[in-house]
Each structure stands twice: as C-alpha cells, then as structure tokens.
Amino acid sequence: MDARIVLLGPPGSGKGTQAERMEDELGFVRLSTGDLLREAVRNETELGKRAKEYMDQGLLVPNELVIGLMKEKIDSLEGGYILDGFPRTLEQAEVLESITGIDAAINLDVDDEELVDRLTKRRSCPDCNAVFHLIYKPPAEEGVCDRCGGELYQRSDDSEETVRNRLKVYRESTFPLIEFYEKRGVLRNIDGKGDIGEIFEAIKALL
Ligand code: AP5
C-alpha cells in the first residue's frame, strides 16, 4: 500500500501492535520514534545519552533532537509508510507538513485505566521491536519473542509511576494533534479497545 499514515493515540493504545501487523501483512514501512530513540540509548550515541534522561522520566525528548532524526529518515522513505509516535507536538506536526502530506491520521482511543494495565504488563523485544502482553498477547514460550526468538524485556518507562506521567504529557502535548488533523480532513478515529485482530480489520477497512 502506498498510503502515508500517522498513528496517533496515548501510550499503550496499541500503535506499535497495529503498526507491526500493518508492516507484516500490508507491506508498510514502519518508522517508530520510540524504537529509534531506544536503539540510540542502547548504542550510547550522543542522541541516546541526551534522550535517555527525558524518556526515563516519561517526558518528551526535545523537539530539536527528534525532528532532526525523523526528517532524515522520512526523506529516505519510498512507497507507503506508517509514522508511529511522530508527530507528538504541534511543532513536530508543522515540520512534518512542510516535508510531506499525510493520507490518514489514525487515532486509537483507549481509557486511562486500561492503558496502565496494558503498559505495566507489556513485554518488548529489543531485536525486532515486537510487543507482547502477559495476559492479552502472551508469547508462545515465556520470555521469548515469537517473531524473531529475541529475549523479551520490560521497558524502563513501563513502571506505573512513569506510565501515569506519560499519560499526563500525552494530554498536554499530543492530544491537540487530534484537532490539527481533524481540521485537515484526514483524522480517522478507531476504538482501540477489544480484540487486537478486530481493531486491525477496522484499520484495514478505512485504508
Ligand atoms: P514510544 O515508544 O512511542 O511510546 P508510547 O507512545 O508511549 O507508546 P507505547 O509504545 O508505550 O504504546 P503503543 O501505543 O505503541 O502500544 P503497544 O502496541 O506497545 O515513546 C517512548 C518515549 O520516547 C516517549 O515517552 C518519549 O520520551 C520519547 N518519544 C517518542 N517519540 C517522541 C516524539 N515524537 N517526540 C518526543 N519524544 C518522543 O501496546 C501496549 C500493550 O498493550 C502491549 O503489551 C500490547 O500487547 C497490549 N495491547 C495492544 N493492543 C491491545 C488490545 N486491543 N487489547 C489488549 N491489549 C492490547
């Protein structure tokens, strides 16, 4: 598919889960700011060292660091792609608009208590970035990624205290993007609660 998609929604709403399926089953290229930043942290690059202090507290990494990273990546993309976790501020959205148009901004809606439950029981793969949940999407073998065999871990920002801070930051800085994309006529709201496969079918139907 050739569409350019932005995935919106609070932390834990399922952006990564749905992006993974869109990549595997629909052939999209997925660009996740969170995954790129975590890779920079693991590799202890200058960007990673600066980003870590914000990520560990559940704060957004400053615009100038993220925009530089994403501009370069987006410029190199061809065909259809999904932006997972970018933009996250109005300034980022305006920069994105100056680089490229967007065909749809898909907003996954889930209430806060479910988000806390999802994130505190999430397990992630450091090698292929697949995500699991101890109850809703357990891996076939405990602690092992179904997709690539990597060793699953718990993200350092998935503690309850940091998750609640991330939700607050989301409401203050990212929520206004819903109106931004609504005004441009590309917002598509999807109920992010319920069966993962049914949510994927709902996304597919609107593409
Ligand atoms: P990032 O990695 O983007 O985190 P996030 O937006 O907080 O989103 P998550 O990855 O936590 O959740 P998700 O919506 O992808 O949910 P998932 O599919 O995993 O960002 C991390 C940090 O990096 C930020 O805090 C910030 O510091 C920095 N950053 C990133 N982008 C930035 C930017 N643009 N500007 C500045 N800073 C930036 O699902 C969650 C769990 O729920 C999983 O366990 C999953 O299995 C489960 N699940 C999914 N769907 C369902 C369902 N339907 N039912 C039950 N369980 C489900």
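Residues numbered from 1 in each chain as written. Predicted model: local features only at pLDDT ≥ 70, side-chain atom pairs only at ≥ 80, totals over all residues. Heavy atoms only, no water.

J.: Would you mind going over the environment of Gly-101 with me for this structure?
T.: In this fold, Gly-101 is placed in the loop between α5 (90-99) and β4 (104-109). Since its relative accessible area comes to 37%, Gly-101 is described here as partly exposed. Taking the C-alpha atoms as reference points, Gly-101 and Glu-172, 71 residues apart in sequence, are found 25 Å from one another. (Helix = DSSP H or I, 4+ residues; strand = E, 2+ residues; numbered from the N terminus. Buried < 20%, exposed > 50% of the residue type's maximum accessible area, 1.4 Å probe, protein only.)

J.: In this structure, what is going on with the site of the ligand? I would like to understand it.
T.: Around the ligand lies a shell of 35 residues, among which Thr-17, Leu-59, Arg-88, Arg-122 and Arg-166 are the nearest. Contact distances for the ligand include 3.1 Å between an oxygen atom and a backbone N or O atom of Gly-14. One of the side-chain nitrogen or oxygen atoms of Thr-17 is found 2.6 Å away from an oxygen atom of the ligand. Taking 1,100 Å² as the accessible area of the ligand by itself, protein coverage stands at 97%. (Near = heavy atom within 4 Å. Polar contact = N/O pair within 3.5 Å; in protein donor to acceptor, adjacent residues only side chain to side chain. Areas by Shrake-Rupley, 256 points an atom, 1.4 Å probe, with all protein chains shown as cover.)

J.: Help me out: how do you make sense of the side chain of Thr-174 in this one?
T.: Within the fold, Thr-174 resides in helix α7 (residues 160-174). In this structure the side chain of Thr-174 is engaged in a polar contact, spanning 2.8 Å, whose partner is the backbone oxygen of Arg-88. Not counting residues up to four positions away in its chain, the partners in contact with Thr-174 are Arg-88 and Val-169. (Contact = heavy atoms within 4.5 Å.)

J.: Sorry, what's going on with the pairing of strand β1 (residues 4-8) here?
T.: When a strand is regular, its side chains alternate between the sheet's two faces. The buried fraction of β1 amounts to 4 of the 5 residues, a majority that puts the element mostly inside the structure. Relative to strand β3 (residues 81-84), β1 runs parallel, the two being bridged by 4 bridges. In the sheet register, Arg-4 faces β3, and the bridge partner there is Tyr-81. Of the pairings in the sheet, the one linking β1 to β4 comprises 4 bridges and is parallel in character. Directly across from Leu-8, in β4, lies its bridge partner Asn-107. (Pairing = 2+ DSSP bridges.)

J.: Would you take a moment to explain the sheet that holds β1 for this structure?
T.: Sheet strands associate in pairs through backbone hydrogen bonding, adopting either a parallel or an antiparallel arrangement. Pairing is parallel across the open sheet formed by 5 strands, whose spatial order is β2-β3-β1-β4-β7. If you trace the sheet from one side to the other, it starts and ends with β2 (29-32) and β7 (187-191), each paired once. Each adjacent strand pair in this sheet contributes to an overall mean axis angle of 20°, direction not counted. Relative to the sheet, helix α8 (residues 176-183) contacts β1, β4 and β7, its axis offset from that of β1 by approximately 150°. (Axes fitted to C-alpha atoms, helices over the stretch in contact; angles between N-to-C directions.)

J.: What am I meant to see in the layout of surface pockets here?
T.: To find leftover empty space, a probe the size of one water molecule is rolled over the atoms. Roughly 220 Å³ of volume is contained in the second largest pocket. Lining the second largest pocket are Arg-38, Val-41, Arg-42, Lys-52, Met-55, Asp-56, Tyr-153, Arg-155, Ser-156 and Asp-157. Counting residues per element, the ones that place at least two in the lining of the second largest pocket are α2 (33-42) and α3 (46-55). By residue number, the principal contributor to the lining of the second largest pocket is α2, which donates 3 residues. Of the residues belonging to the lining of the second largest pocket, the class tally is 3 nonpolar, 1 polar and 6 charged. (1 Å grid on protein atoms, 1.4 Å probe; cavity = no way out; pocket = protein on both sides within 12 Å on 5 of 7 lines; lining within 4 Å. Points joined across faces, edges and corners; volume = space filled by probe spheres on them. Nonpolar A, V, L, I, M, F, W, Y, C, P; charged D, E, K, R; others polar.)

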